[in-house]
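# Structure at a glance
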Amino acid sequence: MKPTVKHNLKKRALRNDTTRFPQIECNYHTVALPSYRGGCLQPRFRSFRNISREYFRTEARNEFRAEAAAFVAIIVTAVIPILNNMHALADFLRAVGTL
(Lines give C-alpha, C1' and ligand atoms only; values in the text may rest on other atoms or scores of the structure.)
Protein backbone atom coordinates (compact mmCIF):
# COMPACT_ATOMS: atom_id res chain seq x y z
CA MET A 1 0.00 0.00 0.00
CA LYS A 2 1.07 3.52 -0.60
CA PRO A 3 1.15 6.08 2.19
CA THR A 4 -2.04 8.10 2.32
CA VAL A 5 -2.31 11.79 3.01
CA LYS A 6 -4.96 12.99 5.45
CA HIS A 7 -6.21 16.51 4.83
CA ASN A 8 -7.96 18.27 7.63
CA LEU A 9 -9.02 21.46 5.94
CA LYS A 10 -11.27 22.81 8.69
CA LYS A 11 -8.57 22.77 11.37
CA ARG A 12 -6.06 24.24 8.93
CA ALA A 13 -8.38 27.07 8.02
CA LEU A 14 -8.97 27.86 11.69
CA ARG A 15 -5.27 27.81 12.56
CA ASN A 16 -4.26 29.66 9.39
CA ASP A 17 -1.01 27.73 9.43
CA THR A 18 0.01 27.23 5.79
CA THR A 19 3.63 26.26 6.44
CA ARG A 20 2.90 22.86 7.97
CA PHE A 21 2.79 19.76 5.84
CA PRO A 22 -0.24 17.47 5.93
CA GLN A 23 -0.05 14.42 8.18
CA ILE A 24 0.88 11.20 6.45
CA GLU A 25 -0.22 7.76 7.55
CA CYS A 26 2.71 5.42 6.94
CA ASN A 27 1.29 1.90 7.10
CA TYR A 28 3.40 0.66 4.21
CA HIS A 29 3.97 -3.09 4.09
CA THR A 30 6.45 -4.77 1.80
CA VAL A 31 5.54 -7.84 -0.21
CA ALA A 32 6.67 -11.07 1.42
CA LEU A 33 8.13 -13.69 -0.91
CA PRO A 34 8.09 -17.02 0.94
CA SER A 35 10.38 -18.92 -1.45
CA TYR A 36 12.98 -16.16 -1.80
CA ARG A 37 16.10 -16.71 0.29
CA GLY A 38 18.22 -13.77 -0.89
CA GLY A 39 20.59 -15.53 -3.29
CA CYS A 40 21.87 -14.34 -6.63
CA LEU A 41 20.00 -15.30 -9.76
CA GLN A 42 21.95 -17.68 -11.97
CA PRO A 43 21.28 -16.88 -15.63
CA ARG A 44 20.47 -19.69 -18.01
CA PHE A 45 22.82 -18.27 -20.63
CA ARG A 46 26.05 -16.56 -19.67
CA SER A 47 26.74 -14.64 -22.89
CA PHE A 48 25.03 -13.14 -25.91
CA ARG A 49 26.66 -15.79 -28.08
CA ASN A 50 24.88 -18.52 -26.12
CA ILE A 51 21.59 -16.65 -26.37
CA SER A 52 21.90 -16.35 -30.15
CA ARG A 53 23.06 -19.95 -30.49
CA GLU A 54 19.98 -21.17 -28.60
CA TYR A 55 17.72 -18.90 -30.68
CA PHE A 56 19.07 -20.16 -34.01
CA ARG A 57 18.95 -23.76 -32.81
CA THR A 58 15.23 -23.72 -31.97
CA GLU A 59 13.14 -20.71 -32.93
CA ALA A 60 14.92 -19.47 -36.05
CA ARG A 61 14.57 -22.80 -37.85
CA ASN A 62 10.79 -22.78 -37.61
CA GLU A 63 10.60 -19.14 -38.69
CA PHE A 64 12.97 -19.84 -41.59
CA ARG A 65 10.80 -22.71 -42.79
CA ALA A 66 7.68 -20.55 -42.72
CA GLU A 67 9.42 -17.70 -44.54
CA ALA A 68 10.89 -20.10 -47.12
CA ALA A 69 7.44 -21.54 -47.83
CA ALA A 70 6.01 -18.03 -48.25
CA PHE A 71 8.90 -17.11 -50.58
CA VAL A 72 8.29 -20.19 -52.75
CA ALA A 73 4.59 -19.33 -52.95
CA ILE A 74 5.43 -15.79 -54.08
CA ILE A 75 7.89 -17.06 -56.70
CA VAL A 76 5.36 -19.56 -58.09
CA THR A 77 2.66 -16.90 -58.36
CA ALA A 78 5.11 -14.59 -60.14
CA VAL A 79 6.51 -17.23 -62.54
CA ILE A 80 3.15 -18.37 -63.94
CA PRO A 81 2.23 -14.98 -65.53
CA ILE A 82 5.78 -14.57 -66.84
CA LEU A 83 5.60 -17.95 -68.60
CA ASN A 84 2.18 -17.05 -70.05
CA ASN A 85 3.60 -13.75 -71.35
CA MET A 86 6.56 -15.55 -72.94
CA HIS A 87 4.16 -17.94 -74.67
CA ALA A 88 2.04 -15.01 -75.93
CA LEU A 89 5.18 -13.20 -77.16
CA ALA A 90 6.31 -16.31 -79.04
CA ASP A 91 2.88 -16.53 -80.71
CA PHE A 92 3.06 -12.82 -81.57
CA LEU A 93 6.54 -13.17 -83.11
CA ARG A 94 5.39 -16.17 -85.15
CA ALA A 95 2.40 -14.19 -86.43
CA VAL A 96 4.51 -11.12 -87.27
CA GLY A 97 7.24 -13.22 -88.91
CA THR A 98 4.83 -14.63 -91.49
CA LEU A 99 3.69 -11.20 -92.69
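Since this is a predicted model, take the numbers as computed values, not measurements.

## What to know about the overall build of the protein
Regarding its fold elements, the protein presents two helices and two strands. Each helix and strand of the protein, ordered N terminal to C terminal, gives the series β-α-β-α. Within the protein, the proportion of its 99 residues that are buried is 2%. Element-wise, carbon and sulfur atoms account for 64% of the exposed surface of the protein, whose accessible area totals about 10,000 Å².

## Here we look at the pattern of salt bridges
Counting across every chain of the model gives two salt bridges. Measuring nitrogen to oxygen at the nearest pair gives 3.0 Å for the salt bridge that ties Arg94 to Asp91. Note that Arg94 and Asp91 are positioned in helix 2 (residues 48-97) at a spacing of three residues, about one turn of the helix. On the accessibility criterion, Asp91 (34% relative accessible area) is partly exposed.

## Focus on a nonpolar patch on the surface
A cluster of nonpolar side chains, contributed by Phe71, Val72, Ile75, Val76, Val79, Ile80, Ile82, Leu83 and Met86, occupies part of the molecular surface with about 830 Å² of accessible area. Relative to the helices and strands, Ile80 is located in helix 2. In this structure Ile80 comes out as partly exposed when scored by relative accessible area, which is 47%.

## Brief notes about the confidence of the model for the protein
Per-chain confidence: the protein averages 77 in pLDDT, with 66% of residues scoring 70 or above. The lowest-confidence element of the protein is helix 1 (residues 9-15), averaging 55 in pLDDT; the highest-confidence one is helix 2, averaging 90.

What counts and how
Residues numbered from 1 in each chain as written. Predicted model: local features only at pLDDT ≥ 70, side-chain atom pairs only at ≥ 80, totals over all residues. Heavy atoms only, no water. Helix = DSSP H or I, 4+ residues; strand = E, 2+ residues; numbered from the N terminus. Buried < 20%, exposed > 50% of the residue type's maximum accessible area, 1.4 Å probe, protein only. Areas by Shrake-Rupley, 256 points an atom, 1.4 Å probe, with all protein chains shown as cover. Salt bridge = Lys/Arg side-chain N within 4 Å of Asp/Glu carboxyl O. Patch = residues over 30% accessible without salt bridge, like charges linked within 9 Å, V, L, I, M, F, W, Y side chains within 5 Å. pLDDT = per-residue confidence, 0-100.

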